[in-house]
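# Coordinate analysis (summary)
The residues making up each chain are set out below.
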Amino acid sequence: MDKRSLAQLAGRFRDAETRAEILRQELAAAIRQADVDGVAQKDICEATGYTRQQVRRIVKAADSDAGQSAASPQHDGGY
C-alpha cells in the first residue's frame, strides 16, 4: 500500500464517520419523535435494533436537554 492509497482510504473513513454521526443524530431525533407520537417502546426497539435502555437514554436526553436549555442559554444541544 502506497502513501496516496492510504491517504485516500483514510479520507473515505473520515467521510464515513461524518455521515454516520449525521445519521445517528437523525435516528435519535426520529426515536424521540416516535416516542412523542406514542409509538410503543417495544416497537421502537424492534425497528431500530436498540435495547429498551438505549431508547430510554435517547428519549431522556431530549428531556434533560430541554430543561438545561431553559436554564442555560449557552447549552450546545448535544446529547
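Residues numbered from 1 in each chain as written. Predicted model: local features only at pLDDT ≥ 70, side-chain atom pairs only at ≥ 80, totals over all residues. Heavy atoms only, no water.

### A short note on the overall build of the protein
A tally of regular secondary structure across the protein gives three helices and zero strands. Listed N to C, the secondary structure of the protein is α-α-α in terms of helices and strands. Burial status across the protein gives 15% buried among its 79 residues. The long-range fraction of contacts in the protein, counting pairs at least 24 apart against all pairs at least 6 apart in sequence, stands at 33%. (Helix = DSSP H or I, 4+ residues; strand = E, 2+ residues; numbered from the N terminus. Buried < 20%, exposed > 50% of the residue type's maximum accessible area, 1.4 Å probe, protein only. Contact = heavy atoms within 4.5 Å.)

### Considerations on the pattern of salt bridges
Under the defined criterion, the tally for this structure stands at two salt bridges. We note a salt bridge from Glu21 to Arg24, for which the minimum N-O separation is 2.6 Å. Note that Glu21 and Arg24 are positioned in helix α1 (residues 3-36) at a spacing of three residues, about one turn of the helix. Taking the relative accessible area as the measure of exposure, Glu21 reaches 34% and is therefore partly exposed. In this structure, Glu46 engages Lys42 in a salt bridge whose closest nitrogen and oxygen atoms are separated by 3.0 Å. (Salt bridge = Lys/Arg side-chain N within 4 Å of Asp/Glu carboxyl O.)

### Thoughts on the nonpolar core
Counting residues in each nonpolar core, the largest one holds eight residues, listed as Ala28, Ile31, Ala34, Ile44, Cys45, Val55, Ile58 and Val59. Contacts of Ile31, omitting those with residues within four sequence positions, involve Ile44, Thr48, Tyr50, Val55, Ile58 and Val59. (Core = buried A, V, L, I, M, F, W, Y, C linked by side-chain atoms within 4.5 Å.)

All quantities given are derived from atomic positions and should not be read as evidence of function.
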